[in-house]
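Geometric and topological summary
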Amino acid sequence: MHRLTLAQLAEGLRQRQFSSEELTKHYLDRIKKLDQHYNSYITVTEESALQQARQADKRLAEGGAPLLCGIPIAHKDIFCTEGVRTSCGSRMLDNFISPYNATVVENLINDGAVMLGKTNMDEFAMGSSNETSYYGPVKNPWDTNCVPGGSSGGSAAAVAAMLAVATTATDTGGSIRQPAALCGVSGLKPTYGRVSRWGMIAFASSLDQAGPIARSAEDLAIMLNSMASFDPKDSTSIDRAVPDYHTHLSTSVKGLRIGVPEEYFGEGLNPATATVIQQALKELESMGASLVNIRLPHTPLAVPAYYVIAPAECSANLSRFDGVRYGHRCDNPTDLEDLYKRSRGEGFGDEVKRRILVGTYALSAGYYDAYYRKAQQVRRLIKQDFMEAFESVDVIMGPTSPSPAFAFGAKGDDPVAMYLEDIFTIATNLAGLPGLSIPAGLVDNKPVGLQMIGNYFDEALLLNAAHQFQLQTDWHQRHPSSLEEEA
Amino acid sequence: MQWETVIGLEVHVQLATKSKIFSGASTAFGATANTQACAIDLALPGTLPVVNAEAIRMATSFGLAINAEIGKKSVFERKNYFYPDLPKGYQVTQLAEPIVGAGHIDIHLNGETKRLRIHHAHLEEDAGKSLHEDFHGMTGIDLNRAGTPLIEIVSEPDMRSAEEAVAYLKKIHSIITYLGISDGDMSQGSMRCDANVSVRPKGQAELGTRTELKNINSFRFVEKAIHTEVERQIDILEDGGKIVQETRLYDAEKNETRSMRSKEVANDYRYFPEPDLLPVILDEAFIDQVRKQLPELPEAKCQRFIEQYQLSDYDANILTANRALADYFENVSTHCKDAKLAANWVMGELSAALNKNDTAIEHSPVSDRQLGELILRIKDNTISGKIAKQVFDALWQGQGEVDQIIKEQGLEQVSDSGAIEAMVDKVIASNPQQVENYRNAPAEKRGKMLGFFVGQIMKISQGKANPQQVNELLLKKL
Amino acid sequence: MTISRHDVEQIAHLARLAINEETLNETTRSLGDVLNLVNQLQNADTDGVEPMAHPMDAVQRLREDVVTEHNQQEQLLKNAPLTEQGLFLVPRVVD
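Residues numbered from 1 in each chain as written. Chains lettered and ligands numbered in written order. Predicted model: local features only at pLDDT ≥ 70, side-chain atom pairs only at ≥ 80, totals over all residues. Heavy atoms only, no water.

**Notes on the overall build of chain A**
We count it as follows: Every helix listed is a DSSP run of H or I at least four residues long, and every strand listed is a run of E at least two residues long, numbered separately from the N terminus. With C-alpha atoms as the basis for the radius of gyration, the globule rule is written as 2.2 Å multiplied by the number of residues raised to the power 0.38. Using a 1.4 Å probe on the protein chains alone, a residue whose accessible area is under 20% of its type maximum counts as buried, one over 50% counts as exposed, and one in between counts as partly exposed. The contact criterion used throughout is that any non-hydrogen atoms of two residues lie within 4.5 Å.
What chain A contains, in helices and strands, is 16 helices and eleven strands. Its C-alpha radius of gyration of 21 Å places chain A within 12% of the 23 Å reference for a compact globule of 487 residues. A principal-axis box enclosing the C-alpha atoms of chain A has dimensions of 65 × 55 × 45 Å. By the burial criterion, 69% of the 487 residues in chain A qualify as buried. Within chain A, residue pairs in contact and separated by at least 24 positions form 76% of the contacts whose partners lie at least 6 positions apart.

The following block contains the structure:
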């Protein structure tokens, strides 16, 4: 059962080949048996999952249930889930039981999806390797000595290890696409404002966007149909009808103009990865798309701009974790300042503290113009690059990350090396554009992701192109050899 | 040396919206701790703000009332600092692009009108409250107030005396209550005032070093606190000392200001645009609509009262300082069709009773309709002015309606000439000596002496005899 | 722009983060590296470019002034480390 895609499971449930309860049990058993190798879950909600599955079975029996009804999924532990620990991968929230549901969670509940649990992640979504999680790193199912990417490493690894058919995730600078690439699965970061941020613990408010990770573009479309909505509770949510992403998948890519940015194939890109991507582009060309060389000249400034804006926003967003109303509180504070400093000092890990400090510095008196204002100006230049490109192309493609999964500790004490891991994904967050990563090949038996970037609200086009590619290739159907044997 | 005082005020006004500026929790005052603080107000992880339309409308109406430019685009920013009553660790406020730009108001003091400039006014959220009662040596935090909408009105340093500062504050109070955007109740913190005070040698252009007086919570204290601080500063300067720029707290009991333990070594608020909110864009049509809905403002009402009711400048100013008082007066006046009497009663008997009982006009036990009826009974001679005061007291104590009180307590004026004649005869008969004195007195002294007989008759009639008839009959019989 | 140990201590205070003496040097070094990275921004020609705070040029939506949230004190205080009589307790605050 776990080899089936979401679309196939939905069909199986309708054909009564299995019940949601059986399916859910099967996945729970797999998690029990296998997740010790991957650490992709922080919390498994067995009891409520089975309860939800039985309810879904009733709903399926009545007929007319949504496609997601009875499908076992998992949520990144950044989404608030009522009555369930929502840790954000941090000691700070190790004891936090959310009293409410995120809109994304609510949407999936309404469609009858079954929540298996909460997936592991870099602490407060700050990281590209999942090494910053308070709950220990997630291991890449393709090579357990390697990182799964981050910050949604648990969500990507769970799908890759077939411990959930699909997962929710978030992407602030590449946190959906990069782990999806490194774990050989499909992941989509929608347009900023397409999916509600209500109940999604904020890292950098103007960059954060939720999206799905799944086995195929078709599965992403089904997930996005449920996750995307206009939400009056989120001021940055966009009041725009959500198209049915599923119906747009079958269009041919004939005539599709693919922009290939020179800057995404330069220094820093692993040559073997480059070859895989070039081959994927040739495949699309053979399917009738045309390749157009484009320039995105401000690309080198994306990482520097991001590492001002994201830390600045996070430095304020994380001020609420002060040990007063919820979260970690130090023992026996001597005074208020001690309460704040020790609770936060103990509750946050090193990378989170580093980013808070960078952001505090960038916003402090005398540095605002040189850092924050300048970064916001560069942000506009980056958006303008994209807007100019989209005048002559429909979609932009390139690598998702510079190289395949790297070993644990490889970038351990060098934050800057880690930050450059997101060099190809960060610009789309700054611009708020949708981006997607799908498996496009293997290097040293480790997956490589092809990134597709679309114009605002062009998720349907991205999913369509990705689906067409997946009809012609089988990279998305490959599994880590350890799991092939296990099967 | 001659010193000149320079004052600028920062006034925080709580807006009378039903719900908070960024959440759907109630803003009602006085609820049990943390029962009106929702997930957003407690800054739970994942929560997000959405701006209350009514707060925007109210701020806009204030801007229009002070003749300010309305910010077509206003931007919320985060002001970062840690304090337990500030759940997010930042206050959402406005800085570079506030909703209300530069404006002005006029104050009237000692027969002169002075224009005071307002630098800007911006929207922001209120903080919660720290309760310092002893919880085992700890402080309790109540976040009910957190997120209540405020406008902060920042004046230019245009005031030159404590009296001007009070007049400015009263004018702001009257504008916000006229607009109905706040109850302006300083005792409940609906309106709070910080004063920036400095002194300089008269004639010097450069401003002296200022101190900030925090949270002065009544008109009276504003005046006293500024006086006290000005004296303190002058004493220091005259002794050759220097003023330290600092925040000071006014202690009303000791009538002194004292330095607050410096709140933060170096305040670095790290303002930046609030990424959870988008710019608020107001178009001309919206601003016009708010403008059309503006009520008559104090200045205009005062002019109208002078013209329409022939009131003196002084009376009109007093009656229009407070919208509720002005409305009350107009209702009384309309009811009894005598503006002069209405003004006298409202500013006299009624205001005295309100003051004495520390009651706001809105809660007056005597309604405008009742006072109007009372005046009508004076005018139609049912009761005398003196008896009317007795009826007023009965109304105040809730003893019923005007006519009912007059009837039940038998206060109706006696105008039956037979009855009055009997009383006159009785008084003349029982005071032969006074009658003789009167009759022997020269005409110019008689007027005063007549008062004795009138008094006696009023005593017998318990004040109810029609004074005019009594006078006439006495003159005839004596 | 380089960052000193003293700068780090100051911003750690602003951010209310306890940083222990032993890791202060390491923190200072890694912050310096990050600042070197972001200093590349200084080379960008941004004359006349309007800063961009949000990816979209969207406008704030306004919420109707209606009370939608009612007393949830019990539920919302469940996660609080220390409360009494419905209040959050903190070490004594001196004004």
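**Points about the sheet that holds strand E14 (residues 256-259) of chain B**
All names here are of chain B. So the rule is basically this: Only strands joined by at least two bridges in the DSSP assignment are considered to pair. To obtain each axis, a line is fitted to C-alpha atoms, and for helices this fit is confined to the stretch in contact; angles are then taken between N-to-C directions over 0 to 180 degrees.
Spatial strand order, E6-E7-E10-E1-E11-E12-E13-E14: eight strands in an open sheet with mixed pairing. Each end of this open sheet is capped by a strand with a single partner; those strands are strand E6 (103-109) and E14. In this sheet, adjacent strand axes meet at a mean angle of 30 degrees when their direction is disregarded. For strand E11 (residues 191-201) and strand E12 (residues 211-216), the ladder comprises four bridges, and the chain directions are antiparallel. Across the sheet, residue Val197 finds its bridge partner in E12, namely Thr211. Packed onto the sheet, helix H3 (residues 219-238) meets strand E1 (3-14), E11, E12, strand E13 (247-251) and E14 and runs at close to 25 degrees relative to E11.

**Focus: the nonpolar core**
What counts is decided by this rule: To qualify as a nonpolar core, a set must consist of buried Ala, Val, Leu, Ile, Met, Phe, Trp, Tyr and Cys residues joined through side-chain atoms within 4.5 Å.
Ranked by internal contacts, the top residues of the largest apolar core, which has 302 residues, are A:Phe124, A:Phe386 and B:Phe62. Apart from residues lying up to four places away in sequence, A:Phe386 is in contact with A:Tyr264, A:Leu296, A:Ile396, A:Ala427, A:Thr428, A:Ala431, A:Leu433 and A:Ile453. With 17 residues, the next largest nonpolar core counts B:Ile420, B:Met423, B:Leu450 and B:Ala465 among its residues.

**Describing the state of the cysteines**
Two cysteines whose sulfur atoms are joined by a covalent bond form what is called a disulfide. Going by this rule: Count a disulfide wherever a pair of cysteine sulfur atoms falls within 2.5 Å.
In the structure shown here, the tally under the stated rule is zero disulfides over all chains. A disulfide-free cysteine, A:Cys146 has its sulfur positioned 10 Å from the sulfur of A:Cys183, the nearest such atom.

**What to know about the pattern of salt bridges**
As a reminder, the rule being used: Salt bridge criterion: a side-chain nitrogen from Lys or Arg within 4 Å of a carboxyl oxygen from Asp or Glu.
For the structure shown, the criterion picks out 54 salt bridges over all chains. Two residues, A:Arg257 and A:Asp394, come together in a salt bridge whose shortest N-O distance is 3.0 Å. Within this pair, whereas A:Arg257 is found in strand E7 (residues 257-261), its partner A:Asp394 is found in the loop between helix H12 (369-389) and strand E9 (395-399), the two being separated by 137 residues in sequence. The partly exposed category is assigned to A:Arg257, whose relative accessible area is 34%. Among the ionic pairs, B:Glu330 bridges to B:Arg304, the shortest N-O distance being 2.9 Å. Here B:Arg304 lies in helix H5 (residues 298-309) and B:Glu330 lies in helix H7 (residues 323-336), a separation of 26 residues in the sequence. Overall, B:Glu330 belongs to the buried group, its relative accessible area being 14%. Of the residues examined, B:Arg304 reaches a relative accessible area of 24% and is grouped as partly exposed.

**Structural notes on the packing of aromatic side chains**
Rules: Any Phe, Tyr or Trp ring, taking Trp's six-membered ring, that has another such ring centre within 6.5 Å forms a pair; planes under 30 degrees apart are called stacked, those over 60 apart edge-to-face, and the others tilted.
On inspection of all chains with the given rule, the structure shows 27 aromatic pairs over all chains. Measuring from centroid to centroid gives 5.6 Å for A:Tyr372 and B:Phe272, while their planes differ by 70 degrees, and the two rings are edge-to-face. Of this pair, A:Tyr372 sits in helix H12 while B:Phe272 sits in strand E15 (residues 272-273), which puts the two residues in different chains. With respect to class, A:Tyr372 is no different from B:Phe272; both count as buried. One aromatic cluster is present, built from ring pairs that chain together A:Phe96, A:Phe124, A:Phe321, A:Tyr326 and A:Phe348.

**What to know about the sheet that holds strand E4 (residues 76-80) of chain B**
The strands making up a sheet are joined through hydrogen bonds of the backbone, oriented either antiparallel or parallel. Spatially, three strands are ordered E5-E4-E15 (chain B) in an open sheet, and the strand pairing comes out antiparallel. Each end of this open sheet is capped by a strand with a single partner; those strands are strand E5 (90-94) and E15 of chain B. Summarising the sheet, E4(B) and E15(B) pair through two bridges and their orientation is antiparallel. The partner of B:Glu77 across the bridge, within E15(B), is B:Pro273. Of the strands in this sheet, E4, E5 and E15 of chain B touch helix H9 (residues 302-317) of chain A, which is tilted by about 65 degrees from E4(B).

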